[in-house]
Amino acid sequence: MEKVIAVVVTYNRQALLSECINALRNQTRKPDAILVVNNGSTDTTEQWLQQQTDVITINQKNIGGAGGFSTAIQAGYKKGYEWIWCMDDDGAPKEDALEQLLAVECNDLTLLNCAVINKDDKKSFVWNTGGHKTLDEVPGNIIEGIGHPFNGTFINRRIVERVGVPKAQFFLWGDETEYYYRIVKRNTIPVCTVTGSIHYHPAATFSFKQDWDYKTAWKMYFYIRNRLHIHKAKFSNKIIASINYGCFLAALAGIVLVFQKTDKLKKLSFIFWPATDAVANNFTATPAFILDKLKLKAENTSNSSFIHTVKNIWSMLFTPSTMVKKMQTR
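Residues numbered from 1 in each chain as written. Predicted model: local features only at pLDDT ≥ 70, side-chain atom pairs only at ≥ 80, totals over all residues. Heavy atoms only, no water.

(A) A look at the nonpolar core. Counting residues in each nonpolar core, the largest one holds 39 residues, and the members touching the most others are Ile73, Cys86, Leu111, Ile155, Ile159, Tyr179 and Ile183. The element best represented in this core is helix α6 (residues 175–186), accounting for five residues. Excluding anything up to four places from it in sequence, Ile159 contacts Leu109, Thr110, Leu111, Gly164, Ile183 and Ile189. Residues Ala217, Phe222, Tyr245 and Val256 belong to the second largest nonpolar core, which totals 28 residues. (Core = buried A, V, L, I, M, F, W, Y, C linked by side-chain atoms within 4.5 Å. Buried < 20%, exposed > 50% of the residue type's maximum accessible area, 1.4 Å probe, protein only. Helix = DSSP H or I, 4+ residues; strand = E, 2+ residues; numbered from the N terminus. Contact = heavy atoms within 4.5 Å.)

Quick look at the structure:
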């Protein structure tokens with residue numbers, strides 16, 4: 001029988017973590033092991049985990065979800081498990097989810113994913129899944145060509161051997177998407193969602209159209225910086241990846257102009273910083289450093305010119321000398 005390890009990454013959500021672990025314990029086909037990577041939680045998570053005798057725990061400093069899943073998948077692989085079942089602490093698999101995944105007849109070199117379903121209504125897809133809104137609309141048990149890591153993502157060790165693990169330096173926001181594209185685009189490994197295998201998850205509520213607080217929106221840095229590397233994984237042609245990143249930056253600037261109500265010019269100017277770090281492959285920024293810099297800029301009442309910011313980004317991405325240099329360094 002193929003051995004399965006369930007891996008969960010957690011940070012300061014002990015109550016949700018306990019729900020997830022109980023859901024794993026109650027599987028009709030129980031995982032052979034449960035591993036939790038605790039990303040430096042400061043609540044009661046570590047103490048709670050010490051009492052769970054059936055859970056393998058790795059305590060590490062907070063290096064984000066990217067660092068958590070990098071550690072988790074690598075640990076599952078090194079321990080020799082055939083399948084690594086990945087999930088965040090805010091989701092919980094239905095009791096037969098693992099049984100349904102193992103029942104799928106496919107090549108081991110296939111990325112499988114649970115159907116990620118709204119935990120409240122128990123039928124709506126949390127994210128767009130093959131154009132279907134609810135489970136009732138899906139004609140069969142498989143939706144080809146789509147998956148939503150890391151929400152019940154089922155990874156065979158052969159995939160890890162070929163592709164590696166998520167990039168820990170991403171910290172958060174985009175690590176799962178870059179890894180997904182590295183698997184299905186760079187390595188042309190097929191992917192599918194198994195609709196009979198359900199992973200319950202809260203509904204997606206965040207929108208970039210919502211007005212965010214400039215002084216505390218440190219996650220936006222990672223979202224903007226990591227997006228370039230997602231495009232590099234998605235597109236084999238580096239110039240196309242750069243053009244798509246430029247379009248993303250322009251679209252984000254448009255969203256700021258149209259939908260943001262506060263600090264529009266500061267937010268526009270902010271975009272240039274993570275974009276520059278993205279091109280320079282600079283992964284040194286930490287949440288604390290970002291917050292300090294945002295606080296300092298927020299205290300400065302002068303706003304940078306939008307035109308100046310756009311010119312800098314355009315020059316950085318699309319001038320011939322820059323494009324040649326980027327091509328020569330790869």
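(B) Representation of the pairing of strand β2 (residues 33–39) in the model. Counting buried residues in β2 gives seven out of seven residues, a clear majority hidden from the surface. By the alternation rule, side chains of β2 split into Ala33, Leu35, Val37 and Asn39 and Ile34, Val36 and Asn38, which are all buried. For strand β1 (residues 4–10) and β2, the ladder comprises six bridges, and the chain directions are parallel. For Thr10, the partnering residue across the bridge sits in β2 and is Asn38. A crossover connection joins β1 to the parallel β2 through helix α1 (residues 14–25); in handedness this β-α-β unit is right-handed. (Pairing = 2+ DSSP bridges. Right-handed = clockwise from strand over helix to strand, strands pointing away.)

(C) Structural view of the packing of aromatic side chains. Throughout the structure, instances matching the rule amount to 16 aromatic pairs. Seen from their ring centres, Phe150 and Tyr179 are 6.1 Å apart, and the 40 degrees between their planes marks the pair as tilted. With Phe150 in the loop between β9 (142–144) and β10 (151–156) and Tyr179 in helix α6, the pair connects residues that are 29 residues apart, well separated along the chain. In this structure, Phe150 and Tyr179 share a single accessibility class: buried. Judged by centre distance (5.1 Å) and plane angle (20 degrees), the ring pair of Phe171 and Phe222 falls under stacked. Of the two residues, Phe171 is situated in the loop between α5 (157–163) and α6 and Phe222 in helix α7 (residues 219–234); the sequence distance between them amounts to 51 residues. Among the residues examined, Phe222 registers a relative accessible area of 0% and is labelled buried. One aromatic cluster in this structure is built from Phe171, Tyr214, Trp218, Tyr221, Phe222, Phe270, Trp273 and Phe289. Directly above the aromatic system of Tyr200 lies the positively charged group of Lys122, at a separation of 5.1 Å from the ring centroid. The residue whose ring lies beneath Lys293 is Trp273, and the NZ or CZ to ring-centre distance is 4.1 Å. (Phe/Tyr/Trp six-rings, centres within 6.5 Å; stacked < 30°, edge-to-face > 60°. Lys NZ or Arg CZ within 6 Å of the ring centre and 35° of its normal.)

In short, geometric facts, not functional conclusions.
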